[in-house]
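Coordinate analysis (summary)
Each chain, letter by letter, is given below.
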Amino acid sequence: MKSTEEFYINRCIQLAKNGLGTTYPNPLVGSVIVHNGRIIGEGWHRKAGEAHAEVNAVNSVKDKSVLAESTLYVSLEPCSHFGKTPPCCDLILHHKIPNVVIGTIDPNSQVAGTGIQKLIANGCTVTVGVLEKECHELNKRFFTFHTKKRPYIILKWAETTDGFLAPLSKNQNKPVWISNAYSRQLVHQWRSEEQAILVGTQTVLDDNPKLDVRDWTGQNPVRIVLDRTGKISEVYHVKNGSTKTIVITEQENLTSSDTIMYENVIFDRQLTHKIAEILYHHGIQSVIVEGGRQTLQTFIDDHLWDEARVFVGKVEIKNGIKAPVLERRFTSIPVKGDQLKLYLNHD
């Protein structure tokens, strides 16, 4: 049974999830304000540059005079620095809110405990670490970015029941769908939640993907394209300029634009780590790697991934391109006839 503090922090987590996909580069944060055992205010951070969760929670309280007798709950440590918005700590102190309960410390070096210190120094009673594991999970992308200096990496593919990604040859006029329409729509939802999506050269040449969220609502992810020798021309969707695209290549002296940027690296055994470093410097906190097989297997072999989401469709093709090998325990979830296998990498 959850304690009272856990109950309210859990509510903060629920509220924070409303911002998934829209708050980058900021974290997901939810906040509630409680007076005499009753929630009198709620809020979550909706978008970078807009009000933080604590501000929205305070603004939702009709009678501000009771704030001086209330407790503010928040899933992540309140900020103490000026960014695009004023420090949330100052707002809490301005309204003389005496008690603050925090899920977890903010790993961002601009905060990292200074918000807690400021509140305590000014007389607030502060509790830290309520549902800390759950609050870390909520912001796994943000925490990975700030502590490991790389994006949170999600591998995704669809395979047949007999373990193939695709037939050896494709009919360009008739695509081979392994997963069903529900699974494909779910993938577009995932794209709206993550900051970037990555594919290799062969995937672009074979499928000419748009890598957008046309079957869902939300913002298209940044497209990351591996193109070692410059095989991908402007006729492909990934170079249409509709969405920010980063092309990682060995070609030199290529001219970047506002929407298509080139990053020059050597494609050696350190390639996946170089990709992660490039994305970190572009401020990208999460990326879905969508294949093909060589790209996916390289991330697996380099142990550079956090989740894998694998659809198994009710299709057999007997022969073709083998699916990546991932020998791990997984959780299986049915998706309208498909099976979704979820893997977590805790290395």
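A short tour of the structure in this document, coming up. Everything numeric here is computed off the predicted structure, so don't read it as measured data.

1. Digging into the sheet that holds strand 10 (residues 245-249)
With mixed pairing, the 9 strands of this open sheet are ordered in space as 11-10-9-8-12-6-13-16-15. In this open sheet, the two edge strands, each paired with only one partner strand, are strand 11 (260-264) and strand 15 (331-335). Averaged over all pairs of adjacent strands, the angle between strand axes in this sheet comes to 20°, irrespective of strand direction. Taken strand by strand, helix 10 (residues 293-301) contacts strand 6 (152-160), strand 8 (196-199), strand 9 (222-226) and strand 12 (286-289), and its axis lies near 130° from that of strand 6.

2. Observations regarding the packing of aromatic side chains
As enumerated under the stated definition, the model contains 6 aromatic pairs in all. Ring plane angle 80° and centroid distance 6.4 Å describe the contact between phenylalanine 142 and phenylalanine 143, whose orientation is recorded as edge-to-face. Here phenylalanine 142 and phenylalanine 143 have matching classes, each one buried. With a centroid separation of 4.6 Å and an interplanar angle of 40°, the aromatic rings of phenylalanine 145 and tyrosine 280 are classed as tilted. Of this pair, phenylalanine 145 sits in helix 6 (residues 140-148) while tyrosine 280 sits in helix 9 (residues 271-281), and the two are 135 residues apart along the sequence. Residue class for tyrosine 280 comes out partly exposed when judged on its relative accessible area of 22%.

3. Notes on the nonpolar core
In summary, soluble globular proteins display a tendency toward joint burial of nonpolar side chains. One finds Leu155, Trp157, Ile224 and Ile248 to be the most contacted residues of the largest nonpolar core, which totals 31 residues. Only strand 6, strand 8, strand 9, strand 10, helix 9, strand 12, helix 10 and strand 13 (307-313) provide two or more residues apiece to this core. The element best represented in this core is helix 9, accounting for 5 residues. Contact partners of isoleucine 224, with chain neighbours within four places excluded, come to Ala196, Ile197, Leu198, Val199, Ile246, Ile248, Leu279 and Ile284.

4. Remarks on the pairing of strand 8
Along strand 8, one buried face is formed by Ala196 and Leu198 and the opposite face, lined by Ile197 and Val199, is buried too. Examined bridge by bridge, strand 8 and strand 9 share 4 bridges and lie parallel to one another. Bridge pairing links valine 199 to valine 225 in strand 9. The parallel pair strand 8 and strand 9 is bridged by helix 8 (residues 201-207), and the resulting crossover is right-handed. When strand 8 meets strand 12, the two strands line up parallel, connected through 3 bridges. Paired with alanine 196 across the bridge in strand 12 is valine 287.

Rules used in this analysis
- Residues numbered from 1 in each chain as written.
- Predicted model: local features only at pLDDT ≥ 70, side-chain atom pairs only at ≥ 80, totals over all residues.
- Heavy atoms only, no water.
- Pairing = 2+ DSSP bridges.
- Helix = DSSP H or I, 4+ residues; strand = E, 2+ residues; numbered from the N terminus.
- Axes fitted to C-alpha atoms, helices over the stretch in contact; angles between N-to-C directions.
- Contact = heavy atoms within 4.5 Å.
- Phe/Tyr/Trp six-rings, centres within 6.5 Å; stacked < 30°, edge-to-face > 60°.
- Buried < 20%, exposed > 50% of the residue type's maximum accessible area, 1.4 Å probe, protein only.
- Core = buried A, V, L, I, M, F, W, Y, C linked by side-chain atoms within 4.5 Å.
- Right-handed = clockwise from strand over helix to strand, strands pointing away.

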